[in-house]
Amino acid sequence: MKYYLDISKGEQKARLLDRKTDPLKQWKTSPIDAVALKHWKDYTGARDRMLAATSSRESPWIVVRADDKRATRLNVIRDLISRLACPETDKHLASPDRSIVFPHDAAHAGRQQLAQ
């Protein structure tokens, strides 16, 4: 299973700023952070090409809207559980929110379902 965590430009900007000011998150800072927002369109294009080129029926990408970290974690766990053979699990409770977790479709980029 391949999960792509999709984050909006505004949320990325907030997280990068948080890394600069929060002593507990400063260890996450990398040289890429300095240019990340400047190259947002380039990264978006590369993401779209990568998803289109590497998603297949046998091994599709699963897109996760990741602006809300808590909802992201819970829905990835629910999606994983729903895909695994686990007889003692109530599959109804393991259903992810499909507005947060959904299979990749090349049309998503055109419909702006992924962060731009």
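Quick look at the environment of aspartate 6
So, point 1. Relative to the elements of secondary structure, aspartate 6 occurs in strand β1 (residues 2-6).
So, point 2. Reaching out from aspartate 6, the side chain makes a polar contact with the side chain of arginine 47 at a distance of 3.1 Å.

Brief notes about the nonpolar core
So, point 1. Listed in full, the six residues of the largest apolar core are Ile62, Val64, Ala71, Val76, Ile100 and Val101.
So, point 2. Of all elements in the fold, only β2 (61-65) and α4 (69-83) reach the threshold of two or more residues within this core.
So, point 3. Contacts of isoleucine 62, omitting those with residues within four sequence positions, involve Met1, Lys2, Tyr3, Tyr4, Asp79, Arg83, Val101, Phe102 and Pro103.
So, point 4. Membership of the second largest hydrophobic core comes to five residues, among which are Leu51, Trp61, Val63 and Leu114.

Considerations on the pattern of salt bridges
So, point 1. According to the stated counting rule, one finds seven salt bridges in the structure shown.
So, point 2. Linking aspartate 6 and arginine 47 is a salt bridge whose minimum nitrogen-to-oxygen distance equals 3.1 Å. Here the residue aspartate 6 occupies a position in strand β1, and arginine 47 occupies one in helix α3 (residues 40-54), the gap between them amounting to 41 residues.
So, point 3. Of the residues examined, aspartate 6 reaches a relative accessible area of 6% and is grouped as buried.
So, point 4. The partner of arginine 98 in a salt bridge is aspartate 79, with the nearest N and O atoms 3.3 Å apart. Residue arginine 98 is located in the loop between α4 and β3 (101-103), and its partner aspartate 79 is located in helix α4; the two are separated by 19 residues in the primary sequence.
So, point 5. With relative accessibility at 44%, the residue arginine 98 sits in the partly exposed group.
So, point 6. Taken together, the salt bridges that share partners define one network made up of Asp6, Arg47 and Asp48.

Examining the side chain of glutamine 12
So, point 1. Its location among the elements puts glutamine 12 in helix α1 (residues 9-21).
So, point 2. With sequence-adjacent residues up to four places away left out, glutamine 12 is seen in contact with Ile7, Leu37 and Trp40.

Quick word on the packing of aromatic side chains
Here the distance between the centres and the angle between the planes together describe a pair of aromatic rings.
So, point 1. Counted by the stated rule, this structure contains one aromatic pair.
So, point 2. For the pair tyrosine 4 and tryptophan 61, a centre-to-centre distance of 6.4 Å together with 85° between the ring planes defines the contact as edge-to-face. Of this pair, tyrosine 4 sits in strand β1 while tryptophan 61 is found in strand β2, placing the two residues 57 residues apart along the sequence.

Concerning α3
So, point 1. Spanning 15 residues, α3 covers 21 Å between terminal C-alpha atoms, matching the ideal 21 Å at 1.5 Å per step.
So, point 2. Those residues of α3 that sit buried are Trp40, Thr44, Arg47 and Leu51. Viewed end-on, α3 has its buried residues packed into an arc of 60°, placing them on one side of the element. Opposite the buried face of α3, by more than 90 degrees, sit the exposed residues Lys41, Arg49 and Ala53.
So, point 3. Among the structural elements, β1, α1, α2 (33-36) and β2 are those in contact with the buried residues of α3.

Rules and cut-offs
Position numbers for residues count from 1 along each chain, tracking the sequence in the order it is written. Side-chain atom pairs in this predicted model are given and counted only at pLDDT of 80 or more, local residue features only at pLDDT of at least 70, and totals for whole chains, interfaces and linings cover all residues. Only hydrogens and water are set aside; all other atoms, that is, all heavy atoms of the structure, feed into the side-chain values. Here a helix means four or more residues in a row that DSSP labels H or I, a strand means two or more in a row labelled E, and each is numbered from the N terminus. Under this definition, polar contacts are N or O atom pairs within 3.5 Å; protein pairs additionally need one hydrogen-donor-capable and one acceptor-capable atom, and for neighbouring residues in sequence, both atoms have to be side-chain atoms. Among the buried residues, those of types Ala, Val, Leu, Ile, Met, Phe, Trp, Tyr and Cys that are joined through side-chain atoms within 4.5 Å form a nonpolar core. Buried residues are those whose accessible area, probed at 1.4 Å on protein chains only, stays under 20% of the maximum for their type, while exposed residues exceed 50% and partly exposed ones sit between those limits. Two residues qualify as a contact provided that any one of their heavy atoms is within 4.5 Å of a heavy atom in the partner residue. The term salt bridge refers to a pairing of a side-chain nitrogen on Lys or Arg with a carboxyl oxygen on Asp or Glu at a separation within 4 Å. Pairing of aromatic rings covers Phe, Tyr and the six-membered ring of Trp, with a centre-to-centre limit of 6.5 Å; geometry is then stacked below 30 degrees between planes, edge-to-face above 60, and tilted otherwise. For a helix, the expected span equals 1.5 Å multiplied by the number of residues minus one. Throughout, the arc means that of the directions going from the helix axis to the C-beta atoms.

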